[in-house]
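# Structural description and commentary
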Amino acid sequence: MTRRRLSYAGVALAVPVTVPYVRYSTRSAHWFIGQAIKALVDASGVAKEQIDGLCLSSFSLAPDTAVGVTGHLGLSPRWLDHVPTGGASGVMCLRRAARAVQAGDADIVACVGADTNHVDSFRQTLGSFSNFARDASYPYGGGGPNSVFAFITAHYMRSYGARREDFGRICVAQRSNALGNANALFKKGLTLQEYMAARPVSDPLHLFDCVMPCAGADAFLVMRQERARDLGLAHVLIHGAIERHNAYAEDPVMLQGGWRQDRDDLYAQAGVQPAALDFVQTYDDYPVIVMMQFEDLGLCDKGEGPAFVRSHTMTFDGSFPNNTSGGQLSAGQAGAAGGFLGMVEAIRQLTGQAGQRAVPGAQLGLVAGFGMVAYDRCLCTGAVILGRPA
C-alpha cells in the first residue's frame, strides 16, 4: 500500500450541531439541511458567506443534489461534494473536507448529514436504494435492512457463539448513555430483561436490536486549526483517518469489515495503539455490527466480541465507553445523519460539550462509519481518530 504523502495535521473540527430528531416530519430534507447551516452560523459566529465549502449526505434530498441545496439556501461555495455513503458518510465527508482545507480549495467547510422521515419515505427509499435492491431483493420481500441483518447476525452467532444477551449488553449500555442526551428520542431506561422479552422482528433480531428511523440533522465545521483559534472556537484535531469499499467480497456472508484491512494504517497515522483510546463511537445500525467493529478495529481479536462485551461496561463512565450519545439504537437514525451522529458526539466529548455524559478526562476518541447495505453485507467502512489539541 502506498504511504500517504500528507497527514491530516493542522486540520480542525469545530461547532458540532444537531437539528433535534423527530419521529416523523412533513418537512423536506432541504429544511433540515437549512436548519443545520443556520445552527452552524449561529454557534460559530461565522457568516454564511464565509462558508466556502459544503460536503453533504442525504437520502431523501433526491432528485436534488448538493448543488441544488446551494441555490435553495443562498450558498456560494468554491468547493462542493455530495457523499452518498450513508452510515460511512460522516467519516468520508470529513476526509474530503480536510483535504480541501489543506489544499486551499476552501477555508471553512460545512459537513452536513440530514434526512426527513414521513409515513411513506422509508418505503420510497427501499424501492430506489440501489439497482440490486430494486431488482433482486425488494420485489421478493427483502424490503429493508432488518432481514439482511438478521441473516448477518445469525451467521455471526453460529460462527462465534454470541448470544442474544451479548447484543443486549450493548443496547442496554447505549440506552443508559442516551438518558444524558437531550436529543435522544428514547427517554426511558432499558433493562436486559426488557431487551430479552421484546417482541421478535426478524429472527434472531428483536425490537431493541433495530434502530428507529426518524428525521433530523447533524453537522460540523472543518477548517485550519489557526482559523479555529482566531475565531475562538473549541476544536479537535484529526490524528488519522481511513476508508475502504467492498472489502472481503469473497466472504459468503459478512463476518468482517474493511476497518480490519486498514486499522494498522489508522493507528500508525495517530501514533497510538487501541488501548490509548478513551472512547469509541461505533456505527450501530444493529448491535452485531458494533461487535464486529470492536474486533475489526483491534480492540479484541476476531470472534472475541462476545467475551469483550461481557467483560466491559460500555457506559460513558464505564471501562469502555461506546456510543456515549446513545447511538442510533437509542437516539434514533435520521437517515444519512446517522453517519454523522458519532462525529458530532466525539467533538462534544473532546471539547467539553457533552454535559452529564462526559467521559472523564477524555483526550482521544475513535469514530467509525459503516454504510450502504447489500444483501449480505455493507459496502462502505471508515474510521477517524480525533484528539484534543495539545
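A few points on the structure. (Residues numbered from 1 in each chain as written. Predicted model: local features only at pLDDT ≥ 70, side-chain atom pairs only at ≥ 80, totals over all residues. Heavy atoms only, no water.)

### Re the packing of helix α7 (residues 164–178) against helix α11 (residues 287–296)
Axis separation between α7 and α11 bottoms out at 9 Å; the angle between their running directions is 95°. With respect to α11, the element α7 is oriented roughly perpendicular. Here α7 contributes Asp166, Phe167, Ile170, Cys171 and Gln174 to the contact with α11, which in turn contributes Pro287, Val288, Val290 and Met291. Of the residues that constitute the contact of α7 with α11, the class distribution is seven nonpolar, one polar and one charged. (Axes fitted to C-alpha atoms, helices over the stretch in contact; angles between N-to-C directions. Helix = DSSP H or I, 4+ residues; strand = E, 2+ residues; numbered from the N terminus. Parallel < 35°, antiparallel > 145°, perpendicular 65-115°, else oblique. Contact = heavy atoms within 4.5 Å. Nonpolar A, V, L, I, M, F, W, Y, C, P; charged D, E, K, R; others polar.)

### A short note on the sheet that holds strand β8 (residues 235–245)
Spatially, β3-β2-β4-β7-β1-β8-β11-β10-β9 is the arrangement adopted by the nine strands of the open sheet, whose pairing is mixed. Lying at the two open borders of the sheet, with one neighbouring strand each, are β3 (79–82) and β9 (279–281). Averaged over all pairs of adjacent strands, the angle between their axes in this sheet comes to 20°, without regard to strand direction. Bridge analysis of β8 against strand β11 (residues 378–387) gives eight bridges, and the strand direction is antiparallel. (Pairing = 2+ DSSP bridges.)

### A short note on empty space enclosed by the protein
All told, the structure shown has three cavities of 30 Å³ or more when counted by the stated rule. What the largest cavity holds in volume is close to 80 Å³. Lining of the largest cavity is provided by 17 residues; of these, Thr282, Tyr283, Gly338, Leu341 and Gly342 occupy positions nearest its centre. At the level of secondary structure, the elements contributing two or more residues to the lining of the largest cavity comprise α13 (327–331), α14 (338–350) and β10 (364–373). With five residues, α14 is the largest single contributor of residues to the lining of the largest cavity. Here the residues of the lining of the largest cavity sort into five nonpolar, 11 polar and one charged. Size it by volume and the second largest cavity reaches roughly 70 Å³. Forming the boundary of the second largest cavity are 13 residues, of which Ala247, Gln256, Gly257, Gly258 and Cys378 lie nearest the centre. (1 Å grid on protein atoms, 1.4 Å probe; cavity = no way out; pocket = protein on both sides within 12 Å on 5 of 7 lines; lining within 4 Å. Points joined across faces, edges and corners; volume = space filled by probe spheres on them.)

### Section: the state of the cysteines
Counted under the stated rule, the structure contains zero disulfides. Here cysteine 55 stays unpaired: no disulfide links it, and the sulfur of cysteine 93, its closest cysteine neighbor, is 3.1 Å away. Overall, the relative accessible area of 0% leaves cysteine 55 in the buried class. The thiol sulfur of cysteine 380 is not disulfide-bonded, and the nearest other cysteine sulfur, from cysteine 378, lies at 7.9 Å. Cysteine 380 sits in the buried class, given a relative accessible area of 7%. (Disulfide = S-S within 2.5 Å. Buried < 20%, exposed > 50% of the residue type's maximum accessible area, 1.4 Å probe, protein only.)

### Considerations on the packing of aromatic side chains
By the definition in use, this model includes 11 aromatic pairs. Ring centres 4.5 Å apart and planes at 15° place the aromatic pair phenylalanine 149 and tyrosine 286 in the stacked group. Taken as a pair, phenylalanine 149 in helix α6 (residues 145–160) and tyrosine 286 in the loop between β9 and α11 lie far apart in primary sequence, 137 residues in all. An identical accessibility class is assigned to phenylalanine 149 and tyrosine 286; each is buried. Look at phenylalanine 220 and phenylalanine 340: their rings are 5.8 Å apart centre to centre, the planes differ by 40°, and that puts the pair in the tilted class. Of this pair, phenylalanine 220 sits in strand β7 (residues 215–224) while phenylalanine 340 sits in helix α14, placing them 120 residues apart in sequence. Accessibility classification places phenylalanine 220 together with phenylalanine 340 in one group, the buried group. Here the aromatic residues Phe149, Trp259, Tyr283, Tyr286 and Phe370 are joined through ring pairs into a cluster of three or more. (Phe/Tyr/Trp six-rings, centres within 6.5 Å; stacked < 30°, edge-to-face > 60°.)

### Describing the pairing of β3
Here strand β2 (residues 53–57) runs beside β3; their pairing, made up of four bridges, is parallel. Across the sheet, residue leucine 56 finds its bridge partner in β3, namely histidine 82. This β-α-β element, β2 to helix α2 (residues 66–73) to β3, shows right-handed connectivity. (Right-handed = clockwise from strand over helix to strand, strands pointing away.)

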